[in-house]
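Overview (structure and organization)
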Amino acid sequence: MTVDVRPASVFEDVRAVLGPKSPQADVCWCLSHRLPAKLNNELRGPARGAYVAELCRTGLPPGVLAHDGDEPVGWAAVAPRADTSYARSRKIPHVDDLPVWSLWCVRVRPGHRGRGISHALIAGAVDFARSQGAPAVEAYPLDNGEARVDLTMAYAGLRKNFERAGFVHAADTASVLSGHPRVLMRLDLR
């Protein structure tokens, strides 16, 4: 298996990883941290997918996708922190005034897990942020130690995976997800 990570500019590939089985379903589409709360709450069903389709067509791709051949098998959301809800978060601190990028969601499709795709996604998201001039990338993974994590809540990533990618602990946070504290991890790209 060869995993190729590239910018998420093809909506059909994004839909394959993030989209619901039923077009009417309300799923995250990885918008909850990208949009102001009011807009996030207003977008329902197909409107969420349409919003993501527009993101893929215009401007900066909303993240990166891992492909196994032509098949999209994973997703990572990465964008300037200033463009996310993390810019205003009271639970995730700002370490300094550096215009960092946030990497807040890593998702691998069922049937493809356990093959190193999440590691490829983290590296690909970092490469994408670097190519866009990011001075650093932050992530806010679970600090779960050896404890099991509910896969639904593992989207934030695990501390050990970010450490393997060269990220270092930059700060504790007041955020808890699925019973596990989250930490602010950072990789300096300068």
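Data block above holds the structure.
About the criteria used
Residues numbered from 1 in each chain as written. Predicted model: local features only at pLDDT ≥ 70, side-chain atom pairs only at ≥ 80, totals over all residues. Heavy atoms only, no water. Helix = DSSP H or I, 4+ residues; strand = E, 2+ residues; numbered from the N terminus. Rg over C-alpha atoms; globule rule 2.2 N^0.38 Å. Buried < 20%, exposed > 50% of the residue type's maximum accessible area, 1.4 Å probe, protein only. Contact = heavy atoms within 4.5 Å. Areas by Shrake-Rupley, 256 points an atom, 1.4 Å probe, with all protein chains shown as cover. Lys, Arg positive; Asp, Glu negative; His and termini not counted. Charge placed at Lys NZ, Arg CZ, Asp CG, Glu CD. Expected span 1.5 Å × (residues − 1). Arc of directions from axis to C-beta. Pairing = 2+ DSSP bridges. Axes fitted to C-alpha atoms, helices over the stretch in contact; angles between N-to-C directions. Salt bridge = Lys/Arg side-chain N within 4 Å of Asp/Glu carboxyl O.

1. Brief notes about the overall build of the protein
When you go through the protein residue by residue, the secondary structure sums to five helices and seven strands. Taken from N to C terminus, the helices and strands of the protein fall in the order β-α-α-α-β-β-β-α-β-α-β-β. Radius of gyration (C-alpha) of the protein: 16 Å, near the 16 Å computed for a compact globule of 190 residues. In terms of overall dimensions, the protein has C-alpha extents of about 40 × 40 × 35 Å along its principal axes. Taken across its 190 residues, the protein has 48% of its residues classed as buried. At a minimum sequence separation of 6, the contacts of the protein that also span at least 24 residues come to 64%. Carbon together with sulfur atoms contributes 51% to the accessible area of the protein, which is approximately 9300 Å² in total. Taken together, the 24 basic and 20 acidic charged side chains of the protein have centroids lying 4 Å from each other.

2. Comments concerning the side chain of His 180
Checked against the element boundaries, His 180 lands in strand E7 (residues 180–188). His 180 gets classed as buried once you look at its relative accessible area, which sits at 11%.

3. Thoughts on helix H3 (residues 46–57)
Between its first and last C-alpha atoms H3 spans 17 Å; for twelve residues at 1.5 Å apiece the expected length is 16 Å, and the two agree. Listed in full, the buried residues belonging to H3 are Arg 48, Gly 49, Val 52, Ala 53, Leu 55 and Cys 56. Taken around the axis of H3, the buried residues stretch over an arc of 160°, which confines them to a single face. The secondary structure elements touched by the buried residues of H3 are helix H1 (11–18) and helix H2 (37–42).

4. Focus: the sheet that holds strand E1 (residues 3–7)
Pairing within the open sheet is mixed, and its seven strands lie in the order E1-E2-E3-E4-E5-E7-E6. Across the chains shown, the open sheet's two edge strands, defined by having one partner strand only, are E1 and strand E6 (168–177). Strand after strand, the sheet turns through a mean of 25° between neighbouring axes, direction not considered. This element, H1, spans strand E2 (63–68), strand E3 (71–80) and strand E4 (101–108) of the sheet and lies at about 100° to E3. Running over the sheet, helix H4 (residues 117–131) touches E1, E2, E3, E4, strand E5 (136–139) and E7 and is turned about 150° from E4.

5. Points about the pattern of salt bridges
In total, this model carries 13 salt bridges according to the counting rule given. The shortest N-O distance in the salt bridge between Glu 54 and Arg 57 comes to 2.9 Å. Separated by three residues within a single helix, Glu 54 and Arg 57 lie in helix H3, roughly one turn from each other. We classify Arg 57 as exposed; its relative accessible area is 58%. Close ionic contact of Arg 115 with Asp 68 constitutes a salt bridge, the shortest N to O distance being 3.2 Å. You can see Arg 115 sitting in the loop between E4 and H4 and its partner Asp 68 sitting in strand E2, a full 47 residues away along the chain. On the basis of relative accessible area, Arg 115 is assigned to the partly exposed category, the value being 36%.

Everything listed here is a matter of coordinates, which is why it stays silent on function.
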